[in-house]
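A closer look at the structure
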Amino acid sequence: MIGIGVIGCGYWGPNLIRNFNSQPQAKLIAISDLDEKRLNQVGLLYPDTRKTANYEDLVNDPAIDAVVVATPMSTHFKLGMAALEAGKHVFIEKPMATNSDDCRTLIAAAAARNLKLMVGHTFVYSPPVRMIKSLLDDGELGDIYYVNIARVNLGIFQKDANVIWDLAPHDVAMLNFLFGAEPVAVSATGHCYVQKELGIEDVAFVTLEYPGGRLVHIHVSWLDPKKIRTCTFVGSSKMLVYDDVSPSEKIRVYDKGVDVQPHYEGFGEFQLQYRSGDVFLPHVDTYEPLKAEAAHFLDMIQDKVVCQSDGTHGLKVVEVLEAACLSLKDDGRRIALELIG
Ligand SMILES: NC(=O)c1ccc[n+]([C@@H]2O[C@H](COP(=O)([O-])OP(=O)(O)OC[C@H]3O[C@@H](n4cnc5c(N)ncnc54)[C@H](O)[C@@H]3O)[C@@H](O)[C@H]2O)c1
């Protein structure tokens, strides 16, 4: 049994606590939160689990093998390092840290101690994303031309991060996983409408350029009337729409496109032929992504799998977020990314 301690019992932490607690290979040993009222509320559901307001008690607990960090991103580096220095494997929520240097320090600290480090990029483990990955890998859509993503709703306004750091990690992590590549360039524009005094952007439009001319546009917002989670993939053969809020039809594959036909009447002439065929709704499994993510971390600790959202994956996401924010502050300047090994 792998002993688990979870730091952070706010909005997201209880989901991780529940999912780690339900894993047959793990035992939930302790939970921690600075807010004792919240700690006790969540703790009521886990009467056999130790509770502490001091994360140091948790990271130094000899019964704990792995620490899950589910606190605000500004605390990820400090808490992650404390757990690694105490000899624990670490699972850190997204984004891995507030800058890429801190990510590199975490990766080196884990490697030096032969400890595992994973980042909670939940979408990498979600059934629809897994389905899209297998469709892309099978060439079902042909070459991907571009992807358009909307991740918008009203709130939750964050105080320690702008909307890019809060919402875009999901999209960048998902796309890096789907394409098996990282963007070569980033640009972004955005604005602070509500938290003007704090200078925290609540709306942003991010453009990513992936190798092979694949363009991605991501609209992230905390200021939108409707919760929308839609990704449209346009390929040379087919097109796919992934709607994560649809209860039953998350993925639709459209046999639509445009073929360029040579025109024999004149040299260099061509005709465009529009295709509009069937719409296919592939069956998508319905398991909870967090359950798969928790199991993956436990398997990783036991060397049963190669992690799909390890420290390096987390770092590459943070590099894109950093570049996007640099561009945001510089009128949307295109920032070329230096790819790391
Ligand atoms: N993977 C996902 O889909 C997903 C979804 C939502 C949030 N998140 C991530 O989860 C993390 C937490 O987000 P949230 O929305 O739950 O935030 P939150 O503010 O609701 O909760 C954070 C909790 O951490 C506690 N905390 C802060 N510092 C602490 C410390 N030193 N020791 C113990 N407790 C401490 C706070 O008291 C608070 O209760 C963030 O990194 C966020 O990006 C991930």
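All values derive from a computational prediction rather than experimental measurement.

Taken domain by domain, the protein chain comprises domain 1 (2-115) and domain 2 (124-285 + 318-336). Each of domain 1 and domain 2 has a C-alpha centre, and these two points are 31 Å apart. Approximately 810 Å² of surface area, both sides summed, lies buried where domain 1 meets domain 2, with 61% of it carried by carbon and sulfur atoms. Per-residue buried area on domain 1 facing domain 2 is highest for Met-73, Lys-94 and Ser-100; these three make up 51% of the total on that side. At the junction of domain 1 and domain 2, the tally comes to 2 salt bridges. The partner of Lys-94 in a salt bridge is Asp-166, with the nearest N and O atoms 3.8 Å apart. On inspection of domain 1 and its partner domain 2, the count reaches 4 residue pairs in polar contact (both at pLDDT 80 or more).

To continue, consider the packing of helix H7 (residues 163-179) against helix H9 (residues 311-328). Running from amino to carboxyl end, H7 crosses H9 at an angle of 130°, the nearest separation of the two axes being 9 Å. In terms of orientation, H7 lies oblique with respect to H9. The handedness of the crossing between H7 and H9 is right-handed. Within the contact between the two elements, H7 uses Ile-164, Trp-165, Ala-168, Pro-169, Val-172, Ala-173, Asn-176 and Phe-177 and H9 uses His-313, Lys-316, Val-317, Val-318, Val-320, Leu-321, Glu-322, Ala-324, Cys-325 and Leu-328.

A few words on the site of the ligand. Every one of the 18 residues lining the ligand counts as a neighbour, but Trp-12, Asp-33, His-76, Lys-94 and Thr-122 are closest to it. A distance of 2.9 Å is found between an oxygen atom of the ligand and a backbone nitrogen or oxygen belonging to Tyr-11. In the environment of the ligand, an oxygen atom lies 2.7 Å from a nitrogen or oxygen atom belonging to the backbone of Lys-94. Relative to its free-state accessible area of 850 Å², the ligand is covered by the protein chains to the extent of 80%. When the residues that make up the shell around the ligand are grouped by side-chain class, the tally is 7 nonpolar, 8 polar and 3 charged.

Reading guide: rules and limits
- Residues numbered from 1 in each chain as written.
- Predicted model: local features only at pLDDT ≥ 70, side-chain atom pairs only at ≥ 80, totals over all residues.
- Heavy atoms only, no water.
- Domains from an automatic or database assignment.
- Buried area = accessible area lost by both parts, 1.4 Å probe.
- Salt bridge = Lys/Arg side-chain N within 4 Å of Asp/Glu carboxyl O.
- Polar contact = N/O pair within 3.5 Å; in protein donor to acceptor, adjacent residues only side chain to side chain.
- Axes fitted to C-alpha atoms, helices over the stretch in contact; angles between N-to-C directions.
- Helix = DSSP H or I, 4+ residues; strand = E, 2+ residues; numbered from the N terminus.
- Parallel < 35°, antiparallel > 145°, perpendicular 65-115°, else oblique.
- Left-handed = near helix turned anticlockwise from the far one by under 90°.
- Contact = heavy atoms within 4.5 Å.
- Near = heavy atom within 4 Å.
- Areas by Shrake-Rupley, 256 points an atom, 1.4 Å probe, with all protein chains shown as cover.
- Nonpolar A, V, L, I, M, F, W, Y, C, P; charged D, E, K, R; others polar.

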